[in-house]
Structure formats: C-alpha cells, structure tokens
Amino acid sequence: MADILTIVTGALSTNCYVLAPGGLGHGGECAVIDPGAEGPRVAAELRARGLVPRYALCTHGHADHTGGVSEVVCEFGAEFGIGSADEEEAIYPPAWLTGILTDYVDPPAPCLRFSGGETLELGGGVIEVIATPGHTPGSVCYRVGDVVFTGDTLFRGSIGRYDLPGGDGPLEVSSIRRSLLTLKDEMEVMPGHGPPTTIGEERRNNPFLN
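What you see is a predicted model; the values in this text were computed from it and never measured. (Residues numbered from 1 in each chain as written. Predicted model: local features only at pLDDT ≥ 70, side-chain atom pairs only at ≥ 80, totals over all residues. Heavy atoms only, no water.)

K.L.:
Describe the overall build of the protein, naming the residues involved and giving the relevant values.
P.N.:
Counting its secondary structure elements, the protein contains seven helices and 14 strands. Over its C-alpha trace the protein gives a radius of gyration of 16 Å, about what one expects of a compact globule, namely 17 Å for 210 residues. Across its three principal directions, the C-alpha atoms of the protein cover 45 × 40 × 25 Å. The long-range fraction of contacts in the protein, counting pairs at least 24 apart against all pairs at least 6 apart in sequence, stands at 61%. Accessible surface computed for the protein: about 8400 Å², of which carbon and sulfur atoms make up 52%. On the protein, the mean spot of the 13 positive side-chain charges and the mean spot of the 28 negative ones are 6 Å from each other. (Helix = DSSP H or I, 4+ residues; strand = E, 2+ residues; numbered from the N terminus. Rg over C-alpha atoms; globule rule 2.2 N^0.38 Å. Contact = heavy atoms within 4.5 Å. Areas by Shrake-Rupley, 256 points an atom, 1.4 Å probe, with all protein chains shown as cover. Lys, Arg positive; Asp, Glu negative; His and termini not counted. Charge placed at Lys NZ, Arg CZ, Asp CG, Glu CD.)

Next up, the structure:
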C-alpha cells in the first residue's frame, strides 16, 4: 500500500493528500489529491521528499479543492484530472470563495476529464475513479486499494453540503449508497475536510445515511 501524507490547507482546512507508492521518504512519482490552497507550500513538501507528482486529481470543482493545482502542474508537469461536469466550476470559480483562500491561483484546463469507471496507473498500482454526483454535478472519489478519497461527498458523521449551485441532496445520498456503502466495512475513508473514518463506521452511524 502506498504511503499517504495529509497537508491541511487554506482557510477552509481542506485535506490535500499526497499518495506515494514508493514511500514518502524515498522519492519517485506520486499523485496529489485536492491541492486546494497554499500551492507553494504543497510544492515545497514534494521537493523536500524528492517526490514528483504524475497527477493532480481533484474530487470536485470547488475552489478550496483546486486552488493549488496550478503550482503542482506548472512546477512538476502533473496531469490535472477532474470530473468532466465540474470543469467549468473549476475554471470559473466564485470570487467570494477564491478571495478567502491562501495563494489561490486559477487552475489550468484539465487534461483528464472523468465520468467514472476510469483507472489511472501509478507506481505499479491503480487509482480507480468513482462517480459520486450530488455535492457537485461532477464529484468523483478516488479508490486506491483499501482507501477511498471522498472529497466533500462523505465525511465522518456527515455528508457534503448540497445547497450551493449544482448541489442535489437526494442524488448525493443515492451516490453514497450506490457507490461507497457497497465497499467493505474496513475501507478507509479520507475525506476532503476533517478526520478519516471507515465505510463500516459511516454505514452504522452516519445520521444522513440511516
């Protein structure tokens, strides 16, 4: 299993994850998931560990999850991937959100656009893209082995808000039930904000799903 580094970024405390198949201290390629702010800080962490990101992957198009993408792409040549239905949201974010984020830079146009079901190779392993629309139309999760990165779709004891433009509460709950709660109980959930959890914990105790 790859090593995972969590970097909490920006005013909204977004979890940026660095997925390193060869280990965090040994260099090699990696993937950066949701570099939402503080791009220079994220890049410095990568340089310090000798890591070179092959992908910059966002779970959805909200600016607090995309604000550091430009730094990762421009400095390291990473491929930017996002759910296809969120591309416009990522490129044209609302000013109220970008204004509160540290070191926010508009992301470039993505070169990888996902609809769900795609797989990406990384360090001899596979990243599986899971479509989970609801928080946003193009929300996706990324599964790697026994870990799933859920962005703002599923949190510990909660789900992502759906009152912003493009949000759909019933669709979000349906996505979670169909695509996440079908995973095994031991599957570790790494959310876009807050502490990790497991699928089993959320199946049993999440009030939005019971």
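K.L.:
Describe the pairing of strand β13 (residues 188-191), with residues and values.
P.N.:
Across four bridges, the pairing between strand β10 (residues 147-151) and β13 is parallel. Residue F149 lies in a different strand from β13, and its bridge partner there is M190. Where β13 folds back on strand β14 (residues 197-198), the antiparallel hairpin that results is connected by five residues, among which G194 adopts a positive phi of roughly 85 degrees. (Pairing = 2+ DSSP bridges.)

K.L.:
Tell me about the pattern of salt bridges, and please be specific about residues and values.
P.N.:
Applying the stated rule across the entire model yields 10 salt bridges. Here D146 ties to K184 by a salt bridge, and the two come within 3.0 Å at their closest N and O atoms. Of the two residues, D146 is situated in the loop between β9 (140-144) and β10 and K184 in the loop between α6 (169-180) and β13; the sequence distance between them amounts to 38 residues. Taken together, the shared-partner salt bridges connect D185, E201, R203 and R204 into one network. (Salt bridge = Lys/Arg side-chain N within 4 Å of Asp/Glu carboxyl O.)

Honestly, that's just the spatial picture; any functional story needs more than this.
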